[in-house]
Amino acid sequence: MIAIFDGHNDALTREDHARLASGRDGGHLDLPRMRAGGMRGGIFALFTPSPGEEEHEGRPFGGPGGFVEPLAEPVAHEVAAADATAAAGRLLALERAGELTVARRIEDVDAALAEGASPVAVLHLEGAEAIDPGLEALPAWHAMGLRSLGPVWSRANAFATGVQFAMPSSPDIGPGLTDAGVALVKACAELGIVVDLSHLNEKGFWDVARLEAGPLVASHSGAHAVAEASRNLTDAQLDAIGESDGLVGIVYATAFVRPDFADDADTPLSVIADHARYVADRIGARHVALGSDFDGATIPAPLGDVAGLPKLLDALRAVGFTEPELEAVAWSNWRRVLAAWWH
Ligand code: ZN
């Protein structure tokens with residue numbers, strides 16, 4: 001079975017997160033189903049919803065045929081800091097219980113490939129509201145195990161502005177990084193924390209690219225040329241990711257990957273494969289990876305949940321990915337980029 005490293009899931013912040021180890025009813029991801037699907041590692045997001053939104057990314061979008069959602073409301077630092085600290089504690093408790101390893105060094109990722117090893121989880125902040133604009137909390141978060149950070153979710157904060165969900169739309173919506181955002185990216189590079197560009201708008205993307213802080217990473221996005229959603233990457237952005245030796249974790253969220261933007265589980269896996277094929281043809285399979293958005297979005301019913309990942313690998317084979325390319329897409333591309341940031 002091909003080992004899979006997945007670039008983004010929201011399982012830690014779902015209501016039934018307490019059953020991650022034993023298995024949940026419904027949802028997309030838990031440890032028993034990870035084992036069944038061959039997922040040996042992944043990036044686990046901490047996400048604080050905007051005020052008034054009890055559900056996060058998983059709520060249905062307005063499609064098909066296109067829609068524009070207003071930019072989500074800001075979240076106060078104090079609210080996000082308390083929320084994210086508790087969610088980080090959940091992941092660390094799973095580690096203490098011997099259920100998984102929280103990745104602190106690239107060797108922890110490699111160790112997950114050994115026969116019978118625990119899976120490896122990378123602690124990720126989806127939106128940096130939990131960090132104060134002066135960045136005093138950032139080293140504490142690094143000490144807690146934070147190894148990946150998206151400056152924004154799809155809203156504005158002290159560091160940058162995210163893209164609102166708009167389809168069809170360019171990702172060029174809103175202003176770029178603030179001064180605090182520039183300082184955040186530089187501090188992440190110094191500490192060894194991946195900067196994730198998914199949810200950032202296009203101006204912010206280019207502001208990060210200009211800093212040359214590390215390989216450009218979009219953990220859960222698609223190709224704009226295939227589906228013209230604001231959350232997807234333009235050809236110019238893909239080219240920059242390739243030139244930086246970065247990667248795109250191809251997202252499975254139906255509202256972003258379907259060319260008609262329908263938020264509908266009745267979607268064939270070939271739609272996800274089309275994005276992977278497009279990015280590989282444009283910048284090479286070395287820059288294609290997986291970034292499900294499990295437990296954060298509607299995903300195609302033929303996949304179902306993380307246990308269905310072998311079916312997605314078959315869909316990638318069907319569009320011409322070779323076995324060595326599949327191994328790279330499933331694991332070693334993520335491994336290379338994490339190692340580069342974590343130095
Ligand atoms: Zn997301």
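The shown structure was predicted, so the numbers you read here are calculated from the model rather than taken from an experiment.

Cut-off values and rules
- Residues numbered from 1 in each chain as written.
- Predicted model: local features only at pLDDT ≥ 70, side-chain atom pairs only at ≥ 80, totals over all residues.
- Heavy atoms only, no water.
- Helix = DSSP H or I, 4+ residues; strand = E, 2+ residues; numbered from the N terminus.
- Polar contact = N/O pair within 3.5 Å; in protein donor to acceptor, adjacent residues only side chain to side chain.
- Contact = heavy atoms within 4.5 Å.
- Salt bridge = Lys/Arg side-chain N within 4 Å of Asp/Glu carboxyl O.
- Buried < 20%, exposed > 50% of the residue type's maximum accessible area, 1.4 Å probe, protein only.
- Core = buried A, V, L, I, M, F, W, Y, C linked by side-chain atoms within 4.5 Å.
- Pairing = 2+ DSSP bridges.
- Right-handed = clockwise from strand over helix to strand, strands pointing away.
- Phe/Tyr/Trp six-rings, centres within 6.5 Å; stacked < 30°, edge-to-face > 60°.
- Lys NZ or Arg CZ within 6 Å of the ring centre and 35° of its normal.
- Axes fitted to C-alpha atoms, helices over the stretch in contact; angles between N-to-C directions.
- Parallel < 35°, antiparallel > 145°, perpendicular 65-115°, else oblique.
- Left-handed = near helix turned anticlockwise from the far one by under 90°.
- Nonpolar A, V, L, I, M, F, W, Y, C, P; charged D, E, K, R; others polar.
- 1 Å grid on protein atoms, 1.4 Å probe; cavity = no way out; pocket = protein on both sides within 12 Å on 5 of 7 lines; lining within 4 Å.
- Points joined across faces, edges and corners; volume = space filled by probe spheres on them.

Asks: Account for the side chain of Asn201, with residues named and values stated.
Replies: Residue placement: Asn201 occurs in the loop between strand S8 (194-195) and helix H6 (202-211). At 2.8 Å, the side chain of Asn201 and the backbone oxygen of Pro175 are in polar contact. Among the polar contacts listed, one links the side chain of Asn201 to the backbone nitrogen of Gly204, at a separation of 2.8 Å. If we ignore the near neighbours within four places in the chain, the residues touching Asn201 are Thr161, Gly162, Val163, Pro171, Ile173, Gly174, Pro175 and Gly176.

Asks: Could you give an account of the pattern of salt bridges, with specific residues and numbers?
Replies: Following the criterion strictly, the structure yields 19 salt bridges and no others. For the salt bridge of Asp16 with Arg24, the shortest nitrogen-to-oxygen distance reads 3.0 Å. Salt-bridge contacts for Asp239 lead to Arg282; the nearest nitrogen and oxygen are separated by 2.8 Å. Of this pair, Asp239 sits in helix H7 (residues 235-243) while Arg282 sits in helix H9 (residues 270-283), and the two are 43 residues apart along the sequence. Looking at Arg282, the relative accessible area reads 39%, which means it is partly exposed. Three or more residues joined by partner-sharing salt bridges are found here, namely Asp16, Arg24 and Asp295.

Asks: So what about the nonpolar core? Which residues, and what values?
Replies: Counting residues in hydrophobic clusters, the biggest one holds 101 residues, and the most contacted among them are Trp141 and Leu149. Top element by residues in this core is helix H11 (residues 323-342). It accounts for 9 residues. Contact partners of Trp141, with chain neighbours within four places excluded, come to Leu46, Ala84, Thr85, Ala88, Leu125, Ala130, Ile131 and Leu146. Judged by nonpolar contacts, the second largest core, of 17 residues, contains Phe47, Phe165, Val251 and Ala255.

Asks: Residues and numbers for the environment of Asn157, please.
Replies: Structurally, Asn157 is set in the loop between strand S6 (146-150) and strand S7 (166-167). According to the relative accessible area criterion, Asn157 is buried, its value standing at 16%. A sequence separation of 109 residues divides Asn157 from Thr48, and the C-alpha atoms of the two residues are 13 Å apart. Beyond its immediate chain neighbours, meaning those up to four positions away, Asn157 contacts Ala128, Glu129, Pro151 and Val152. Separated by 2.8 Å, the side chain of Asn157 and the backbone oxygen of Pro151 make a polar contact.

Asks: How would you explain the environment of Arg104 if you had to name every residue and give the values?
Replies: Looking at the secondary structure, you find Arg104 in the loop between strand S4 (101-102) and helix H3 (106-111). The class of Arg104 is partly exposed, set by a relative accessible area of 31%. For the pair formed by Arg104 and Ile193, sequence separation is 89 residues and the distance between their alpha carbons is 9.9 Å. With sequence-adjacent residues up to four places away left out, Arg104 is seen in contact with Leu92, Glu95, Met144 and Arg147. Here the side chain of Arg104 touches Val102 through a polar contact of 2.9 Å, landing on its backbone oxygen.

Asks: Describe the pairing of strand S1 (residues 4-9), and please don't skip the residues or the numbers.
Replies: For S1, a buried count of 6 out of 6 residues is recorded, marking the element as mostly surrounded by other parts of the structure. Pairing of S1 with strand S2 (residues 39-46) involves 4 bridges; the strand directions are parallel. Looking at the pairing, Asn9 lines up with Phe44 of S2. Each parallel crossover has a hand, and the one from S1 via helix H1 (residues 31-37) to S2 is right-handed.

Asks: Which residues make up the packing of aromatic side chains, and what values do they have?
Replies: A full pass over the atoms with the stated rule returns 7 aromatic pairs. For the pair Phe5 and Trp334, a centre-to-centre distance of 5.8 Å together with 50 degrees between the ring planes defines the contact as tilted. With Phe5 in strand S1 and Trp334 in helix H11, this residue pair connects regions lying 329 residues apart in the sequence. Just above the ring of Phe321 sits the side chain of Arg277; from NZ or CZ to the centre is 4.7 Å.

Asks: For the packing of H6 against H7, give the residues involved together with the corresponding values.
Replies: At a closest axis distance of 12 Å, the pairing of H6 and H7 adopts a crossing angle of 20 degrees. For the element pair H6 / H7, the angle class is roughly parallel. As for how H6 packs across H7, the hand of that crossing is left-handed. Contact with H6, carried on its side by Glu202, Phe205 and Trp206, involves Ala236, Gln237, Ala240 and Ile241 of H7 and no other residues of that element. Within the contact of H6 with H7, the residues separate by chemical class into 5 nonpolar, 1 polar and 1 charged.

Asks: Could you give an account of empty space enclosed by the protein, naming the residues involved and the relevant values?
Replies: Scanning the entire structure with this criterion turns up 3 cavities of 30 Å³ or more. Size it by volume and the largest cavity reaches roughly 60 Å³. As for the largest cavity, its lining consists of 13 residues, of which Leu197, His199, Leu200, Arg231 and Leu233 are closest to the centre. Of the residues contributing to the lining of the largest cavity, the split by class is 6 nonpolar, 6 polar and 1 charged. Within this model, the second largest cavity holds a volume of roughly 40 Å³. Along its surface, the second largest cavity is lined by Leu46, Phe47, Thr48, Ala80, Ala84, Leu125, Glu126, Gly127, Glu129, Ala130 and Arg155. Those elements giving two or more residues to the lining of the second largest cavity turn out to be helix H2 (77-96) and strand S5 (120-126). Grouping the amino acids of the lining of the second largest cavity by side-chain chemistry returns 6 nonpolar, 2 polar and 3 charged.

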